[in-house]
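Spelled out from the first residue to the last, the chains are:
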Amino acid sequence: GKRQQNRQNKPSKAGQAAARAHHDSPLDRVRDFAVTRQEAPWNDVTTVMMRNLPNKYSQQALLEELTQSGFHLQIDFDFFYLPMDHANNVNLGY
């Protein structure tokens, strides 16, 4: 009846201890720090990945093409990376 139903809904002592231990985990303590509630400094950052680039482009050649297309180095972007296959002296296409 009702008494048996109450026992089923109440967590066991082991379950209560596990819930307390989980709440006191290092990750939960980090979540409580004020710094984790602050806005991330990169909220207004955009990341672009270009694909299917002709592998003949060097980093300098691609930067020149971007500049000729109206983009401005250190104004429109502050980081540029073109993965290279140095054994064959070509880029990887992305």
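In short, a report on the structure. (Residues numbered from 1 in each chain as written. Predicted model: local features only at pLDDT ≥ 70, side-chain atom pairs only at ≥ 80, totals over all residues. Heavy atoms only, no water.)

1. What to know about the overall build of the protein
Then, in step 1: When its secondary structure is counted, the protein shows four helices and two strands.
Then, in step 2: Its helices and strands in sequence order give the protein the pattern α-α-α-α-β-β, from N to C terminus.
Then, in step 3: For the protein, buried positions account for 14% of its 94 residues.
Then, in step 4: Look at the contacts in the protein between residues 6 or more apart in sequence, and 38% of them connect residues 24 or more apart.
Then, in step 5: Just so you have it, the protein exposes about 8700 Å², and 52% of that area is on carbon and sulfur atoms. (Helix = DSSP H or I, 4+ residues; strand = E, 2+ residues; numbered from the N terminus. Buried < 20%, exposed > 50% of the residue type's maximum accessible area, 1.4 Å probe, protein only. Contact = heavy atoms within 4.5 Å. Areas by Shrake-Rupley, 256 points an atom, 1.4 Å probe, with all protein chains shown as cover.)

2. Some points on helix α4 (residues 59-68)
Then, in step 1: Residues of α4 that are buried: Leu62, Leu63 and Leu66. What you see down the axis of α4 is that its buried residues fit within an arc of 100°, all on one side. (Arc of directions from axis to C-beta.)

3. What about the packing of aromatic side chains?
Then, in step 1: One pass over the full model with this rule turns up one aromatic pair.
Then, in step 2: The interplanar angle of 45° and the centroid separation of 6.3 Å between the aromatic rings of Phe77 and Phe80 together place this pair among those described as tilted.
Then, in step 3: Using a relative accessible area of 18% as the deciding quantity, one classes Phe77 as buried. (Phe/Tyr/Trp six-rings, centres within 6.5 Å; stacked < 30°, edge-to-face > 60°.)

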